[in-house]
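# Coordinates in review
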Amino acid sequence: MINHQYIESLLDEAKNASRKNIQEVLDKAQRKEGLNHRDIAILLQLQDEDQLREVFKIAGEIKQSIYGNRIVVFAPLYVSDYCVNNCLYCGYRRDNAFPRRRLSREEIQHEVQLLEKMGHKRLALEVGEDPVNCDIDYVLDAMDAIYSTHTANGEIRRINVNIAATSTENYEKLKEAGIGTYILFQETYHQPTYEAMHPNSLKGNYDYHLTAFDRAMEAGIDDFGAGVLFGLADYKFEVLALMLHNEYLEQQYGVGFHTISVPRLKKAEGMELDHFHHLISDEVFKKIVAIIRLAVPYTGIILSTREAPEIRREVLRYGVTQISAGSCTGVGGYKESDSGKKVNQFELTDHRSPLEVLKELISDGNIPSYCTACYRQNRTGDRFMQLAKSGQIQNICGPNALMTLMEFVLDYGDEELLTMVEDVIHQETMKIQREDIRNLTLKNLENLKNGERDLYL
Ligand code: SAM
Ligand code: SF4
């Protein structure tokens, strides 16, 4: 599925694309048909400022027409920093000497309580790879601990799981335990770089890592999210390879990535950023997000706390659909930041609380959404894609965003947020085109104010 020479030759050929070829790709993108890898290579090689402006403009239009102003909000939860791998870019790598730990069931529940009190409903569970200290049973137990932790009006309704590539049997167990999206970043698709970055590591097996989603699919997980750690190898190569991976999965199973994450390499313990020669600028980062938006209009794009508020704001316009808020990337991080200490896998750039992030999102015209309905209604894999492509998902996600935002405001908001949101929710509800759905949404909003919770379509 990933042939290095083929990718290089596609990128070379694309340098000679005519104005007519380029315009054809842009027209196709505008029709929201998605792009194939040849089209994507052409966009990656664009130099002309006017054409690049056109890419950003179309990305903005696609974002608006498919997702409106909704932004899904989530938080990562690190429960174990034991790791047998030596990934050269990561603070958790084996060679870094620090006291490692994994949270007990009670500690996990304490972290979850703090997250619930921030209003979170959706988590990304994160662990290092360690078959002894953090085996699959530990991960399953952590999921159970999370799903069974409830505070006043607080509960986690969806756990996305970001653990190392594993066996079909283990994916079956994760499916059984109620996994949301299985997230795994390829880090780099460039095999020589991949091998150099993961010396003497379980994770060092490029093919085993690359075929993880095939095994997940075999185990019945049809909701998976991919990503590249930008900064390890040439970004044009990475984006094209990522898209070829997606095309392969679509052809093979009829389902591509549910989400794509776009992490950029950050400073971490035991590594220096200037040892990495493929770091990308903010301009390139924005271009990557816009091109992915044109290439796969219906795939969610996730941005994490790794990015500063200013750049977040820009990429939200060009395609990002999910962001993390109020995050800690250290084991026990929520408790420790509650008491003033910090331990991180890598450095964060955005240190604001979810409430602050939410206020900014709303004043920029976004609607933060805590919706987790699709996964709970079995709208995953190709079922989700069909709904998305037919446009019907708009009738579901829009109202659900408004209801979950109202729930957040009632349970975790302050006076300022309440005043900000009441008008917005009213205006947005009035924009819902189907009368039956508009009325149902109005009724549900009223019911939420009267104390009902967890209402969704
Ligand atoms: N251990 C699992 C793995 O490696 O797939 C999953 C969890 S790991 C904590 C999550 C992700 O953090 C990795 O896939 C990697 O892309 C990212 N990461 C590691 N070091 C980073 C750094 N210095 N800057 C930004 N992201 C980093
Ligand atoms: Fe371990 Fe994952 Fe960090 Fe690699 S990226 S050192 S596997 S936690």
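Residues numbered from 1 in each chain as written. Chains lettered and ligands numbered in written order. Predicted model: local features only at pLDDT ≥ 70, side-chain atom pairs only at ≥ 80, totals over all residues. Heavy atoms only, no water.

### Overview of the site of ligand 1
We count it as follows: Nearness here has a simple test: a residue counts as near a molecule or strand if at least one of its heavy atoms is within 4 Å of that partner. In the analysis that follows, any N or O atom pair within 3.5 Å is treated as a polar contact, provided that within protein one partner can donate a hydrogen and the other can accept it, and provided that, for residues neighboring in sequence, both atoms belong to side chains. Per-residue and other accessible areas follow the Shrake-Rupley method at a 1.4 Å probe size, with only the shown protein chains counted as cover for residues.
Among the 20 residues in the neighbourhood of ligand 1, the closest are listed as Y89, V127, E187, K203 and K266. Between ligand 1 and Y89, the relevant distance is 2.9 Å, taken from a nitrogen atom to a main-chain nitrogen or oxygen of the residue. Separating an oxygen atom of ligand 1 from a side-chain N or O atom of E187 is a distance of 2.5 Å. Burial of ligand 1 by the protein amounts to 96% of the accessible area it has alone, namely 560 Å².

### Looking at the nonpolar core
For clarity, the threshold we go by: Nine residue types can take part in a nonpolar core, namely buried Ala, Val, Leu, Ile, Met, Phe, Trp, Tyr and Cys, and a core is a set of them joined through side-chain atoms within 4.5 Å. Buried, partly exposed and exposed residues are distinguished by accessible area as a fraction of the type maximum, computed with a 1.4 Å probe on protein chains only: under 20%, between the cut-offs, and over 50%, respectively. By definition, residues are in contact when any of their heavy atoms lie within 4.5 Å.
Within the largest apolar cluster, 152 residues are counted, with the highest numbers of intra-cluster contacts made by L174 and Y189. Every residue in contact with Y189, bar those within four places of it in the chain, is listed here: I2, H4, Y206, L210, V228, F237, E238, A241, L242, H245 and F257.

### Examining the packing of helix α12 (residues 282-295) against helix α13 (residues 309-318)
Keep this limit in mind: Axis definition: a line fitted to C-alpha atoms, over the contacting stretch in the case of helices. Angles run 0 to 180 degrees between N-to-C directions. Runs of E in the DSSP output that reach at least two residues are strands. Runs of H or I that reach at least four are helices, and both are numbered from the N terminus. Here roughly perpendicular refers to angles of 65 to 115 degrees, roughly parallel to angles under 35, roughly antiparallel to angles over 145, and oblique to all remaining angles. Here a crossing is taken to be left-handed if its near helix is turned anticlockwise relative to the far helix by less than a right angle, and right-handed if that turn runs clockwise. Charged residues are taken to be Asp, Glu, Lys and Arg, nonpolar residues to be Ala, Val, Leu, Ile, Met, Phe, Trp, Tyr, Cys and Pro, and polar residues to be all remaining types, Gly included.
Two numbers describe how α12 lies on α13: the axes approach to 9 Å, and their chain directions differ by 25 degrees. Taken together, α12 and α13 sit at an angle that is classed as roughly parallel. In this structure, α12 meets α13 at a crossing whose hand is right-handed. Where α12 approaches α13, its residues D282, F285, K286, V289, A290 and R293 are matched on the opposing element by I311, E314, V315 and Y318. Residues belonging to the contact of α12 with α13 are distributed by class as follows: six nonpolar, no polar and four charged.

### Examining the domain arrangement of the protein chain
Here is the rule: What marks off one domain from the next here is an automatic or database domain assignment.
Annotation of the protein chain at the domain level lists domain 1 (4-64), domain 2 (72-374) and domain 3 (375-449). Between domain 1 and domain 3, the C-alpha centre-to-centre distance is 34 Å.

### Thoughts on the pattern of salt bridges
Opposite charge on two side chains makes pairing possible when the charged atoms of those side chains draw close. The condition is simple: The salt bridge definition used is simple: a Lys or Arg side-chain nitrogen within 4 Å of an Asp or Glu carboxyl oxygen.
Under the counting rule described, the total for this entry stands at 29 salt bridges. Residue K57 pairs with E61 through a salt bridge whose shortest N-O separation is 3.5 Å. Of this pair, K57 and E61 both sit in helix α4 (residues 49-67), four residues apart, roughly one helical turn. Classification of E61 by relative accessible area gives partly exposed; the value is 33%. Where R157 meets D454, a salt bridge forms, and the shortest distance between an N and an O atom there is 3.3 Å. On the criterion of sequence distance, the pair formed by R157 in the loop between β4 (154-155) and β5 (158-162) and D454 in the segment after α20 (435-449) is long-range, its members being 297 residues apart. Here the residues in one salt-bridge network are E155, R157, R376, E407 and D454, joined through shared partners.

### Focus on the packing of aromatic side chains
The condition is simple: By convention, a stacked pair of Phe, Tyr or Trp rings (six-membered ring in the case of Trp) has centres within 6.5 Å and planes under 30 degrees apart, an edge-to-face pair has planes over 60 apart, and any other such pair is tilted. We call a charge positioned above a ring when the Lys NZ or Arg CZ atom is no farther than 6 Å from the ring centre and deviates by at most 35 degrees from the ring normal.
A full pass over the atoms with the stated rule returns 10 aromatic pairs. Between Y78 and Y92 the ring centres are 6.0 Å apart and the planes differ by 85 degrees, which places this aromatic pair in the edge-to-face class. Placement of the pair is Y78 in strand β1 (residues 70-80) and Y92 in the loop between β1 and α5 (105-117), with a sequence separation of 14 residues. As far as burial versus exposure is concerned, Y78 and Y92 are alike and both buried. Members of the aromatic cluster, each reached through a chain of ring pairs, are Y171, Y182, F213, F224 and F257. When the ring centre of Y208 is taken as reference, the NZ or CZ atom of R215 above it lies at 3.7 Å.

### Some details on α5
Since the α-helix advances by 3.6 residues per turn, residues separated by three or four positions end up pointing in the same direction. Inclusion rule: For a helix, the expected span equals 1.5 Å multiplied by the residue count minus one.
The end-to-end C-alpha distance of α5, which contains 13 residues, comes to 18 Å, matching closely the 18 Å that a straight helix rising 1.5 Å per residue would cover. For α5, the full list of buried residues reads I108, E111, V112, L114, L115 and E116. G119 sits one or two positions beyond α5 and adopts a positive phi of about 100 degrees.

### Some details on the site of ligand 2
The local shell around ligand 2 holds 10 residues, among which C83, N85, C87, C90 and K203 are the closest. Here the shell around ligand 2 is built from residues that sort into five nonpolar, three polar and two charged.

### Describing empty space enclosed by the protein
For the record, the criterion: Of the two site types, the cavity is a set of points on a 1 Å grid over the protein atoms alone where a 1.4 Å probe fits but cannot get out, and the pocket is an open set with protein on both sides within 12 Å along at least five of seven lines, each lined by residues with an atom within 4 Å of a point. Grid points are joined across faces, edges and corners, and a volume is the space filled by probe spheres set on the points.
Tallied over the full model, the rule gives six cavities of 30 Å³ or more. Here the second largest cavity is characterised by a volume of approximately 470 Å³. As for the second largest cavity, its lining consists of 29 residues, and the residues nearest its centre are V72, H258, Q322, F384 and C397. If you list the elements that add at least two residues to the lining of the second largest cavity, you get α4, β1, α16 (373-376), α17 (381-390) and α18 (394-412). Of the residues in the lining of the second largest cavity, the class split is 14 nonpolar, 10 polar and five charged. Two domains each provide a minimum of three residues to the lining of the second largest cavity, namely domain 2 (72-374) and domain 3 (375-449).

### Some remarks on the side chain of D223
Here D223 lies in the loop between α10 (212-218) and β7 (224-227). Exposure remark for D223: the relative accessible area of 4% places this residue in the buried category. Of note is the side chain of D223, whose polar atom sits 3.4 Å from the side chain of R158. Within the local environment of D223, its side chain forms a polar contact with the side chain of T181, the two groups lying 3.0 Å apart. In this structure, D223 is in contact with R158, G180, T181, Y182, H258 and T380, ignoring residues within four places of it in sequence.

### Here's the deal with α18
Taking 1.5 Å of rise per residue, 19 residues should cover 27 Å, and α18 covers 26 Å from first to last C-alpha, within 8% of that figure. Among the 19 residues of α18, 15 are classified as buried, and the element is accordingly described as predominantly covered.

### Topic: the environment of H258
Within the element layout of this structure, H258 appears in the loop between α11 (235-253) and β8 (259-261). Taking relative accessible area as the criterion, H258 reaches 16% and is therefore assigned buried. Between the C-alpha atoms of H258 and D223, which are 35 residues apart in sequence, the distance is 5.7 Å. The contact partners of H258, leaving out residues within four places of it in the chain, are R158, T181, D223, F224, T299, G300 and F384.

### Description of unusual backbone geometry
Of note in this structure, E187 is not a glycine but carries a positive phi near 65 degrees. On the secondary structure map, E187 appears in the loop between β6 (179-183) and α8 (191-197). For N200, which is not a glycine, the phi torsion comes out positive at approximately 45 degrees. Along the polypeptide, N200 turns up in the loop between α8 and α9 (206-210).

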